[in-house]
Amino acid sequence: MPITALFGGTFNPFHIGHYEILKALNADEEIGKILLLPDKIPPHKSSSNLISDENRIEMCKIAANDFEKVELCLIEFEREGKSYTFDTVCELIKKYPDTKFSFVMGGDMLVYFPNWYKSEELMKMMDFIVFKRLDTDELEFSKSVEAFRKKGMNIKVMEEKIPLVSSTEIRNDFFNSNELLPKKIFEFLKEREEYAR
């Protein structure tokens with residue numbers, strides 16, 4: 001059965017690191033579909049520096065249009081409250097009971113996974129696809145993956161390494177960050193005067 005990959009995030013903004021993840025997922029023959037899931041209210045971040053929902057969704061649309069397997073999914077905008085992954089996955093499983101889901105995350109997020117809302121339940125509900133960043137400590141990363149596997153987490157580690165990009169730095173110095181953003185998204189944000197004020 002083809003996998004449906006779930007790639008969620010604040011996407012504030014949608015940068016080349018996110019883009020490279022989509023590129024690798026789109027090329028993976030085991031993956032039949034990728035659902036791009038922008039957070040409405042991220043539980044682990046302050047929402048005070050978020051740009052408008054409309055513009056974050058538009059950035060995701062621009063990115064999704066570049067990849068055959070990617071579909072924008074706004075399920076987290078259809079409910080109130082914080083965007084907990086557990087709640088989203090429960091809704092998707094109920095809506096698509098015959099689908100095999102895998103959740104996509106960066107290796108840096110894996111460290112914090114035990115702090116996620118209902119993380120133990122999440123491990124039993126789906127598999128996980130993990131990307132390393134260019135600055136990843138290979139030994140520490142391997143130890144972390146092995147520890148999670150012993151707890152029952154089914155992890156696929158991708159070969160591609162993702163560029164180290166700081167969303168905060170992009171927001172703080174937008175005009176000098178054009179190389180960190182896909183060209184279409186940089187132009188879109190410039191036109192909307194987001195981060196450029």
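Scroll up for the structure.
Notes on the structure in this doc start here. Given the structure is predicted, the values throughout are model-derived calculations rather than measurements. (Residues numbered from 1 in each chain as written. Predicted model: local features only at pLDDT ≥ 70, side-chain atom pairs only at ≥ 80, totals over all residues. Heavy atoms only, no water.)

### Details of the pattern of salt bridges
Phase 1 of the analysis: Summed over the entire model, instances satisfying the criterion amount to 14 salt bridges.
Phase 2 of the analysis: The closest approach of N and O atoms between Lys156 and Asp28, which form a salt bridge, is 2.5 Å. Taken together, the residues Lys156 in strand S6 (residues 155–162) and Asp28 in the loop between helix H1 (16–27) and strand S2 (31–38) connect sequence positions 128 residues apart.
Phase 3 of the analysis: When its relative accessible area of 11% is taken as the criterion, Asp28 is described as buried. (Salt bridge = Lys/Arg side-chain N within 4 Å of Asp/Glu carboxyl O. Helix = DSSP H or I, 4+ residues; strand = E, 2+ residues; numbered from the N terminus. Buried < 20%, exposed > 50% of the residue type's maximum accessible area, 1.4 Å probe, protein only.)

### Considering the environment of Ser144
Phase 1 of the analysis: For Ser144, the position within the fold is in helix H6 (residues 138–150).
Phase 2 of the analysis: The exposure class of Ser144 is buried, given its relative accessible area of 18%.

### Observations concerning the packing of helix H2 (residues 53–64) against helix H8 (residues 183–192)
Phase 1 of the analysis: One can describe the packing of H2 onto H8 by two numbers: an axis separation of 10 Å at closest approach and a directional angle of 155°. Taken together, the axes of H2 and H8 lie roughly antiparallel to each other. Considering how the two elements wind past one another, H2 and H8 form a crossing that is right-handed. Contact residues: H2 offers Glu54, Asn55, Glu58, Met59, Ile62 and Ala63, while H8 offers Lys184, Ile185, Phe188, Leu189 and Arg192.
Phase 2 of the analysis: Its residues assigned to classes, the contact of H2 with H8 comprises six nonpolar, one polar and four charged. (Axes fitted to C-alpha atoms, helices over the stretch in contact; angles between N-to-C directions. Parallel < 35°, antiparallel > 145°, perpendicular 65-115°, else oblique. Left-handed = near helix turned anticlockwise from the far one by under 90°. Contact = heavy atoms within 4.5 Å. Nonpolar A, V, L, I, M, F, W, Y, C, P; charged D, E, K, R; others polar.)

### Notes on the nonpolar core
Phase 1 of the analysis: By size, the foremost hydrophobic cluster in this structure holds 34 residues, and its most contacted members are Phe14, Leu22, Phe131 and Leu189.
Phase 2 of the analysis: Mapped by element, the contributors of at least two residues to this core are strand S1 (3–9), H1, S2, H2, strand S5 (127–133), S6 and H8.
Phase 3 of the analysis: Considering each element in turn, this core owes the most residues, five residues, to H2.
Phase 4 of the analysis: If near-sequence neighbours (up to four positions away) are discounted, Phe14 is found in contact with Tyr19, Leu22, Leu36, Met59, Cys60, Ala63, Leu181, Pro182 and Ile185. (Core = buried A, V, L, I, M, F, W, Y, C linked by side-chain atoms within 4.5 Å.)

### Let's talk about the sheet that holds S1
What holds strands together in a sheet is hydrogen bonding between their backbones, with the strands either parallel or antiparallel.
Phase 1 of the analysis: With parallel pairing, the six strands of this open sheet are ordered in space as S3-S2-S1-S4-S5-S6. One side of each edge strand has no neighbouring strand; the edge strands of this open sheet are strand S3 (70–72) and S6. Averaged over all pairs of adjacent strands, the angle between strand axes in this sheet comes to 25°, irrespective of strand direction.
Phase 2 of the analysis: Here S2 pairs with S3 via three bridges, running parallel. When the bridges of S3 are listed, Ile34 appears paired with Val70.
Phase 3 of the analysis: Each of S1, S2 and strand S4 (100–106) touches helix H3 (residues 85–95); the most contacted strand, S4, lies at about 155° to it.
Phase 4 of the analysis: Running at roughly 160° to S6, H6 makes contact with S5 and S6 of the sheet. (Pairing = 2+ DSSP bridges.)

### Focus on the packing of aromatic side chains
Phase 1 of the analysis: Tallying each qualifying case throughout the model produces 13 aromatic pairs.
Phase 2 of the analysis: Taken together, a centroid distance of 5.3 Å and an interplanar angle of 70° make the contact between Phe174 and Phe175 edge-to-face.
Phase 3 of the analysis: The exposure class of Phe174 is buried, given its relative accessible area of 2%.
Phase 4 of the analysis: When the centroid spacing of 6.3 Å and the interplanar angle of 40° are considered together, the rings of Phe174 and Tyr195 count as tilted. Here the residue Phe174 occupies a position in the loop between helix H7 (167–172) and H8, and Tyr195 occupies one in the segment after H8, the gap between them amounting to 21 residues.
Phase 5 of the analysis: Taken together, the ring pairs connect Phe103, Phe113, Trp116, Phe128 and Phe148 into an aromatic cluster. (Phe/Tyr/Trp six-rings, centres within 6.5 Å; stacked < 30°, edge-to-face > 60°.)

Spatial relationships are all this shows, so hold off on functional conclusions.
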